[in-house]
Amino acid sequence: MSEVKAKKILTDLVKKSGCTYSVDNVLTMFRNKDAKYSNKRLGALLTQLFKTIPNGAKYVDEFVSSNPKDSYAALILLLNNFLQDCKNMQAEKSTVAAQVQPPVIDSVSKRAAIFESPPLSSTRIVTEQQITPENVQEIKEKIVKATSGSMVNRSSGVIPAVLVPQTFEYMAKKGTILSWNFNYEELYPMQNKNVAAIPLSSQEPIVMKELLDCLVGVKGSLIGPKKTVRATVGLFPVEFEVSDQIEESLRDIVREILPLASHYSQVQDFIAASSSLESGQVLQALRAALQAIIKDYYLSITQLEDLFLKQQLTFHKLLYFLRPVFHTMEVLAETVTAIRQTNCRGGTVLTLLYDKIIATTGDEKSRKVLIHLIEMAAVPYMEMLQLWIFNGVIHDTRKEFLVEHHAMDLNENDMMDYWEKQYIIRTDKVPCFLNEYADIILRTGKYLNVIRECGSSVDYQQNVCVSLKYTHSDHQTYIKAIEDAYNYASSSLLNLIMDKYNLMGRLFSVKRYFLLQQGDFIDQFMDICEEDLNKDVDELRPMRLENLLEVTLNMSSARYDEYNDDLKTMLLPYGIVTQISKIVKKEDVFLDTLGDTSQLKGIECFTFNYNAQWPVSIVLNRWTISKYQMIFRQLFYLKYVERILCRVWIANNRTKQFAPQTAKLYRSAFTLRQKMLIAIQSFESYMMIEVIEPNWHHFYQNIKQIKNVDDVLKYHQDFLDQCIENCMLTDQDLLKSIINLCNICIQFCTFLADATSMEPTETFSERVERFHSDFTNQLMSLLRKITDIATQNPSQKFINLIHRINFNSYYSDNFDS
């Protein structure tokens, strides 16, 4: 239902109820942008609106009991149900009026109308009354007179009965008796006949009468279905027994015609089995189409019975007249049997019908029947599709539609889960003619829902006059409507996020902090926090780090960033290697673990976090932030090691004041320090200059060409994945080697600051030599691993890293060996 229709209905309700709120106020309250109105309060408002409506409390209870997350969508569905109930009530009134004053109908309609059965009580045989041949003759004359020469009313029109709800499991449940299908033996007992002794000319009308009865589901004493297990009825063709009393030539003709009765029985059993609302709207629509065809079938049999009563029908004429009907009923029987055997519903039914149409290429009669069935059955499905792509609302009580909704609370769930899991595709419910457009259909409604969550109006339908309808010979009409709706929804959401919520400004803000683009901020933050980060992580106070971050943001040029308030500090209970392992395994990287943190330093657990608001959080969700954190932690750790190595360089300058002998003692240590610094700076500059910046530039160029939010998500994830992969963060062996290399540098700097870690028998020079050996071996091992990866998967960036570190071929000889 469009917002225009909703406003019209609400206008009537407001006028009748005397509500003090205007229609626009009511719609605004139900949109509930700021979560000011609880469902209880909105229910009270509905009570006021429906107080003058009979059974109005039913709609209020429906809203309150469902406890909807999206109160606006729930209002639309509620008004839709109310409007439908009003239409149904009006239709019932029209039916009653028509019964009081029957309209003038033509002869064809009159002939078809006799198949609408009277109430069951009027046709029940009174067992207390003695039935005599005279009574039978009298009853026959009265009926013939009442029908003005037409056949006796033995048709299979719908008999009023209590509909018992049942599940749509053909194999397990027995359908409610709704039509003639050899199921009234106990209500209409048949008298046994002995026709073996009468002449053929007298036998023929008796057999023909029973055969005509059998074609409309009435069992005779000479011709009838074999006893079978009820669970198999409708799944297999019905087999008939033909009495041996019938003359052999007549039996042959009867057996030739009986397959038509078998096909009819299968179709009728399907109609009865699918009568429950549990079968879904698509099968209900298919059932209605089949009932219309069966009515035409009844009309044909009625015309034949009319000829029979006039004694103008022979068996050969009967066979001639029924020939065109045989094939149609056979196609229907095969179709409904296939549906029952697969127990399918919704979009799966449409796929089955479509496949049968393709399989009958060349058989124009069968194609025409099947095309009629699929077009009728697709009506409710296309209505659900229209409601979804035009309004972003799912009205699918029986789970037939291709999009499935999982309600999630935006305040409690991860935004990535909202985007990826709140709306998903039921692949088995996608009609094959919509397979190519299933993803577009999903995204269209999803975009509209995001726009609604942002508080903007979404009513594409009021701008178009298209009513989706499946036409087998013309797919372009509904496909164009789908594409137009998608273009509207995607462009609307993209403009909303890019312009109103400044997505690129947010991404630039994240880049400044997580990718160390804001150089002065990072330097000042490390200056002010270095002492804390050197402590054990269990000794750190998160609130102190948060305060130091705020001070740094206000002191550096980052104070001009309008989104710096969203930057927060975070201490993870594990190191960087564990985090990358969680990302690779797609585990929750923010879920606290019970691992031992006593051996971890603050620098090993520290990272930034970023709290993006809806709808920017669709792009900057927790999963995306975890990838930014991986890159940040690696860069931050390298930056930290670089700082302490530079501090050793300052000590290097002080040794110039030492005596020549002492300065010579430190010379090897400072040479090793320089090698370490070159290696660490090479890793750092490689990540920032050769990986991050080129990939960011490529990402920024792609953003200029985007057409929808999914393109933004794709390009953004590609950027992060390329950065993580080329920064060697996806390979745990490489990552461990880099971390071990950094740890050797830190231990070496600690040794130079306080040379108390030597063994009692170890000299200063020997300890330096041990550090040199450990560093060189670890670096060469790392370079070998990088070379192996670059060989298996050639990457110019990895080769560039090797040349950066081994720029003067210092490690060439040992490395090549």
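Residues numbered from 1 in each chain as written. Predicted model: local features only at pLDDT ≥ 70, side-chain atom pairs only at ≥ 80, totals over all residues. Heavy atoms only, no water.

- Looking at an unreviewed UniProt entry, the protein chain carries the name Gamma-tubulin complex component, with the source organism given as Aedes aegypti.
- The record in UniProt for the protein chain states the following under Sequence similarities (unreviewed entry): "Belongs to the TUBGCP family."
- Quoted verbatim from the Subcellular location (unreviewed entry) heading of the UniProt record, the comment on the protein chain is "Cytoplasm, Cytoskeleton, Microtubule organizing center, Centrosome". (UniProt positions renumbered as here; feature names shortened; annotations may be inferred.)

1. Some words on the confidence of the model for the protein chain
Then step 1. Chain-level pLDDT for the protein chain is 80 on average; 78% of the residues reach the 70-or-more range.
Then step 2. The lowest-confidence element of the protein chain is helix H7 (residues 120–123), averaging 28 in pLDDT; the highest-confidence one is helix H18 (residues 503–514), averaging 95.
Then step 3. Low pLDDT, under 50, characterises residues 100–131; the stretch is placed with 42 contacts to residues that sit more than four places away or in other chains.
Then step 4. With pLDDT under 50 throughout, residues 146–168 is counted as low confidence; its partners more than four residues away or in other chains account for 68 contacts. (pLDDT = per-residue confidence, 0-100. Helix = DSSP H or I, 4+ residues; strand = E, 2+ residues; numbered from the N terminus. Contact = heavy atoms within 4.5 Å.)

2. Regarding the pattern of salt bridges
Then step 1. Counting across every chain of the model gives 25 salt bridges.
Then step 2. In this structure, Glu278 and Arg398 form a salt bridge, with 3.0 Å as the shortest nitrogen-oxygen distance. Taken together, the residues span a long stretch of sequence, with Glu278 in the loop between helix H10 (248–273) and helix H11 (281–309) and Arg398 in the loop between helix H14 (364–391) and strand S3 (403–405) at a distance of 120 residues.
Then step 3. Of the charged contacts, one joins Lys639 and Glu684 as a salt bridge, the two residues approaching to 3.4 Å between their closest N and O atoms. (Salt bridge = Lys/Arg side-chain N within 4 Å of Asp/Glu carboxyl O.)

3. Quick look at the side chain of Ser265
Then step 1. Position of Ser265 among the secondary structure elements: in helix H10.
Then step 2. By relative accessible area, Ser265 is classed as buried at 4%.
Then step 3. If sequence neighbours within four positions are ignored, Ser265 has contacts with Asn181, Phe182 and Val238. (Buried < 20%, exposed > 50% of the residue type's maximum accessible area, 1.4 Å probe, protein only.)

4. Some thoughts on helix H12 (residues 315–342)
The α-helix advances 3.6 residues per turn, and as a result positions three or four apart in sequence lie on the same side.
Then step 1. Here H12 contains 28 residues, and its C-alpha end-to-end distance of 38 Å stays within 8% of the 40 Å for a straight helix at 1.5 Å per residue.
Then step 2. At Arg323, H12 shows its largest bend, some 45°, and a proline, Pro324, comes one to four positions later.
Then step 3. In the stretch just after H12, Asn343 is the one whose phi turns positive, near 50°. (Expected span 1.5 Å × (residues − 1). Bend = angle between axes of the 7 residues up to and from the residue.)

5. Observations regarding the packing of aromatic side chains
Then step 1. According to the stated counting rule, one finds 38 aromatic pairs in the structure shown.
Then step 2. Aromatic pair Phe30 and Phe63: ring centres 5.7 Å apart, planes at 75°, arrangement edge-to-face. Residue Phe30 is found in helix H2 (residues 23–31), and its partner Phe63 is found in helix H4 (residues 56–66); the two are separated by 33 residues along the sequence. Residues Phe30 and Phe63 agree in their burial class; the two are buried.
Then step 3. Above the face of the Phe751 ring, Arg767 is positioned so that its terminal group lies 5.9 Å from the ring centre. (Phe/Tyr/Trp six-rings, centres within 6.5 Å; stacked < 30°, edge-to-face > 60°. Lys NZ or Arg CZ within 6 Å of the ring centre and 35° of its normal.)

6. Observations concerning the environment of Leu741
Then step 1. You can see Leu741 is positioned in helix H26 (residues 732–753).
Then step 2. Taking C-alpha positions, Leu741 is 6.9 Å from Leu779, a pair spaced 38 residues apart along the chain.
Then step 3. Excluding residues within four positions of it along the chain, Leu741 makes contact with Phe683, Phe775, Gln778, Leu779 and Leu782.

7. Some remarks on the environment of Leu332
Then step 1. For Leu332, the location among the structural elements is in helix H12.
Then step 2. Not counting residues within four places of it along the chain, the set of residues in contact with Leu332 comprises Val267, Leu290, Ile293, Val369 and Leu373.

8. Quick look at unusual backbone geometry
Then step 1. Of note, the bond from Trp614 into Pro615 is cis; its omega dihedral lies within 30 degrees of zero at 5°.
Then step 2. Even without being glycine, Asn502 reaches a positive phi, approximately 50°.
Then step 3. Mapped onto the elements of the fold, Asn502 is located in the loop between helix H17 (476–500) and H18.
Then step 4. On the accessibility criterion, Asn502 (26% relative accessible area) is partly exposed.
Then step 5. For Leu516, which is not a glycine, the phi torsion comes out positive at approximately 60°.
Then step 6. Exposure remark for Leu516: the relative accessible area of 7% places this residue in the buried category.

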